[in-house]
Amino acid sequence: YGDVFKYYADGEWKKSSSGQSVAIINPTTRKPQYKVQACTKEEVNKAMERAKFAQKSWARTPLWKRGELLHKAAAILKEHKSPIGECLVKEIAKPAKDAFTEVVRSGDLVSYCAEEGVRILGDGKLLVSDSFPGNDRSKYCLTSKIPLGVVLAIPPYNYPVNLAVSKIAPALIAGNSLVLKPPTQGAVSCLHMVHCFHLAGFPKGLISCITGKGSQIGDFLTTHPDVDCISFTGGDTGIAIAKKAGMIPLQMELGGKDACIILEDADLNLVAENIIKGGFSYSGQRCTAVKVIFAMESIADALVEKVNARVAKLTVGPPEKNCDITPVVSEASANFIEGLIMDAKDKGAKFCQEHKREGNLIWPLLLDHVTPDMRIAREEPFGPVVPVIRIKSIEEGIHHCNSSKYGLQGCVFTKDINKAMLISDAMETGTVQINSAPARGPDHFPFQGFKDSGIGSQGITNSINMMTKTKSTVINLP
Ligand code: G3P
């Protein structure tokens, strides 16, 4: 790797004229690992101009050819699993096995998108006028889906590759061009992923990857007049972006406080497995992590015991060693998580494990007897700490779940499918999982947040549709 990674625009790797760089701090060593270019506003303008230009001929490129190029990029991406996975380990401290899985999942997503795209977009519609009162059969309306133009993609640090391609692939198959602004942590993984698209041979200017500080070019990008659609995944910044964006389609996936409601008849071994997977994988740094447990009082002790037995088996340490719990992304994040833990301590939560922290590494922690006044009951830690709130009725669990400002996913554990369906209907979240922890995938499933968790629906099919607009041509017979 070179000293400062170049950014990608107009089919070339470039140095920024700013002469400045942004350092990426390795969360494990807490030392600078890589540097990327700090792009200027002029460079953003240039990339937008090129994207606008390249999109016109891309939209006219046959759909099957667009699909073919995406299949090629997917294959190259999978071939580059190791170097990209290694970057993810260094940049975001993702456990090695999960880092490699992220790249493979991304390749699969790109291929699926190509296949789905040729079918969805190859399917137009013909309407006839005589179904509406007062009309005879003299009008034939042909509708098709056409691209929006330039799509701005802003993925988050926790899945810099996967949540980038989940925006890039639908945008491209639908005939859009793409400007990618990677997160700082994860920028090099993103650049490497873009290199795979470069190798696949996409036209110049169609894809660009602009690195730099969000504080310097973020607003400029998101309010740029050439942007026709924004697909953003991240934190509350998304709300500010949505307020400032013009009259363009937005796809936003922001935070979550995914609740897990556990009924008296639940299989507690299954629940405990899912709390470990849902609450602690990638150290809780997932939008869809289990972030609060509402357990019926009668089974809470038994459940906590089962979860504790599994927490004790989690390995804690560096991502290179494939530990279950690895350092969280930044010192600021670790401090925030610790603040939530201390607040819970002051307000009387029961600590099931000792709270331990070394640098950005926070040991997994289950907090029992949490009450709604504690910050951890409402706020999103994005770390390996899971609160348990004991409930006396199902209604109480639903009430707590729905009083959150978030509404991403939730889950319910019970053997009674009738109750599960009623609870699912009552939960104000984009998805409810019955007898499993929340999760976005499989990646063609719809994925959406209600309330402050976002707008629009993702998942491959929904994203392709969202990145198009309907065009009608009406043939009028004499
Ligand atoms: O933005 C969604 C992401 O944080 C969670 O994705 O696949 O871990 O459920 P996943």
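What you see is a predicted model; the values in this text were computed from it and never measured.

## What to know about the overall build of the protein chain
Consideration 1: Along the protein chain, the regular secondary structure elements total 15 helices and 26 strands.
Consideration 2: Against the 2.2 N^0.38 benchmark of 23 Å for 478 residues, the protein chain shows a C-alpha radius of gyration of 24 Å, consistent with a compact globule.
Consideration 3: Buried residues in the protein chain amount to 51% of all 478 residues.
Consideration 4: A separation threshold of at least 6 residues defines the contact pool for the protein chain, and within that pool the share at least 24 residues apart is 71%.

## Here we look at the UniProt feature "active site" (unreviewed entry) in the protein chain
Consideration 1: Those places that UniProt annotates as "active site" (unreviewed entry) correspond, in this numbering, to Glu253.
Consideration 2: Within the secondary structure layout, glutamate 253 lies in strand β11 (residues 250–253).
Consideration 3: In this view, glutamate 253 contacts Thr233, Cys287, Gly449, Gly454 and Gln458; residues no more than four positions away in its chain are not counted.

## Concerning the packing of helix α2 (residues 63–79) against helix α5 (residues 162–173)
Consideration 1: Packing of α2 against α5 leaves a shortest axis separation of 9 Å and a crossing angle of 155°. With respect to α5, the element α2 is oriented roughly antiparallel. Along the contact surface, α2 presents Arg66, Gly67 and Leu70, while α5 presents Ala169, Leu172 and Ile173.
Consideration 2: Its residues assigned to classes, the contact of α2 with α5 comprises four nonpolar, one polar and one charged.

## Re the UniProt feature "domain: Aldehyde dehydrogenase" (unreviewed entry) in the protein chain
Consideration 1: The feature "domain: Aldehyde dehydrogenase" (unreviewed entry), as given by UniProt, occupies residues 13–472 in the numbering adopted here.
Consideration 2: Each end of residues 13–472 is marked by a C-alpha atom, and these two atoms are 40 Å apart; helix forms 42% of the span and strand 22%.

What counts, and where the lines are drawn
Residues numbered from 1 in each chain as written. Predicted model: local features only at pLDDT ≥ 70, side-chain atom pairs only at ≥ 80, totals over all residues. Helix = DSSP H or I, 4+ residues; strand = E, 2+ residues; numbered from the N terminus. Rg over C-alpha atoms; globule rule 2.2 N^0.38 Å. Buried ≥ 20, exposed ≤ 12 C-beta atoms within 10 Å, placed from the backbone. Contact = placed C-beta atoms within 7 Å. UniProt positions renumbered as here; feature names shortened; annotations may be inferred. Axes fitted to C-alpha atoms, helices over the stretch in contact; angles between N-to-C directions. Parallel < 35°, antiparallel > 145°, perpendicular 65-115°, else oblique. Nonpolar A, V, L, I, M, F, W, Y, C, P; charged D, E, K, R; others polar.

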